[in-house]
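These are the residues of each chain, in order.
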Amino acid sequence: MDIALVVSDVDGTLVTDDKRLTRATIDAARRLGAAGIGFTLASSRPPVGLRSLAESLDLRLPMGAFNGSTVCAPDLRPISERLIPEAVAREAAARLDAAGIDMWVFADGAWNLRDAQAPYTDLERRTLQTDPTVMPDLSPLLGRAAKIVGVSRDHSGLARLEATLAAELDGRAAVHCSQPYYLDVTPPGIDKGSFVADLGRQLGLPRQRIATLGDAANDIALFRESGLSIAMGNAAATVQRAASAVTLGNNEDGFARAINRFVFGDT
């Protein structure tokens, strides 16, 4: 396929489980650039969590943060931002509190939480390469929240909450587990797929010339807007079935394998 643009998810796809870019991944990204093929990221991360990746991979195109609802340049200059409607944000926060789920609120460019020692905060520090802002009361931020995250070690319980909260907020917010331990609430009507579609239009590219890579349920929207969709080997079966190809896992240089095999045709 004559691919002109590649858009990749980050966690579970581009980086290893310990949040590293491997040498093979960096080389594959640079191969895209040398061939004149555009490359960028669509992630549930906030913009600050994409900074080091943009620098390491020498990205030149806009990136989609918060599942595409915030678009920023590689130097993190804001291009566009959508927020969760305040009433919806307050409803989601109340639902998480009622379920006893720890909550993070991303607002005003910061990662805000109530307990800096709560589960997965150390992981998120390493992922974002920044520290959280601790606030005993997050409610003042709910009028300007770009993303709300429910965080729990009870993965099955979080998956059940994903289904019920998505039904309760149907059409008023996007609700997806970006990881088994993170339940993301983001603005309605926008997802990774809409980011890819908008970028394709800006670049004058038909979807047939776009390739996407992902591993999670929120990446299926990404797949729908591309001619070549590649699921990671570590993706769930439902995600793999939604893709046109499957590569190795993210800890096995699956991204590099996908670029070299499916974009460049290496055997």
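That block above? That's the structure.
None of these values were measured; they are calculated from a predicted model.

Participant: Requested: an account of the nonpolar core, with residues and values cited.
Facilitator: Ranked by internal contacts, the top residues of the largest apolar core, which has 32 residues, are Val6, Phe39, Leu41, Leu57, Met63, Ile259 and Val263. Taken together, the elements giving at least two residues each to this core come down to α1 (23-34), β2 (38-41), α2 (51-57), β3 (63-65), β12 (210-214), β13 (228-231) and α9 (254-263). Among the elements that take part in this core, α9 stands out by supplying five residues, more than any other.

Participant: Residue-level account of unusual backbone geometry, with values.
Facilitator: Positive phi values are uncommon outside glycine, yet Lys19 reaches one of about 70°. Topologically, Lys19 is positioned in the loop between β1 (5-8) and α1.

Participant: Describe the sheet that holds strand β4 (residues 70-72), listing the residues and the values that go with them.
Facilitator: Here we have three strands laid out as an open sheet, ordered β3-β4-β5, and antiparallel in their pairing. Taken across any chain shown, the strands that pair with only one partner, and hence form the sheet edges, are β3 and β5 (78-81). Averaged over neighbouring strand pairs, the angle between their axes works out to 20° when direction is ignored.

Participant: Which residues make up the pairing of strand β9 (residues 145-151), and what values go with them?
Facilitator: The buried count for β9 comes to seven of seven residues, which makes it a mostly enclosed element. Relative to β9, strand β6 (residues 102-107) is paired through six bridges, and the arrangement is antiparallel. What sits directly across from Trp104, in β9, is Val149. Relative to strand β11 (residues 182-186), β9 is paired through four bridges, and the arrangement is antiparallel. Directly across from Gly150, in β11, lies its bridge partner Leu183.

Rules used throughout
Every chain is numbered independently, its residues counted from 1 as its sequence is written. Only residues with pLDDT of 70 or above have their local features reported here, since the model is predicted, and side-chain atom pairs are shown and tallied only from 80 upward, although totals for entire chains, interfaces and linings are computed over all residues. Note that water and hydrogens are dropped before the side-chain values are worked out from all heavy atoms of the structure. Buried Ala, Val, Leu, Ile, Met, Phe, Trp, Tyr and Cys residues form a nonpolar core when they are joined through side-chain atoms within 4.5 Å. Buried, partly exposed and exposed residues are distinguished by accessible area as a fraction of the type maximum, computed with a 1.4 Å probe on protein chains only: under 20%, between the cut-offs, and over 50%, respectively. The way it works is that DSSP assigns letters per residue, a run of H or I at least four long becomes a helix, a run of E at least two long becomes a strand, and they are numbered from the N terminus. Strand pairing follows a simple DSSP-based rule, namely that at least 2 bridges must link the two strands. Angles run from 0 to 180 degrees between N-to-C directions of axes, and those axes are lines fitted to C-alpha atoms, restricted for helices to the stretch in contact.

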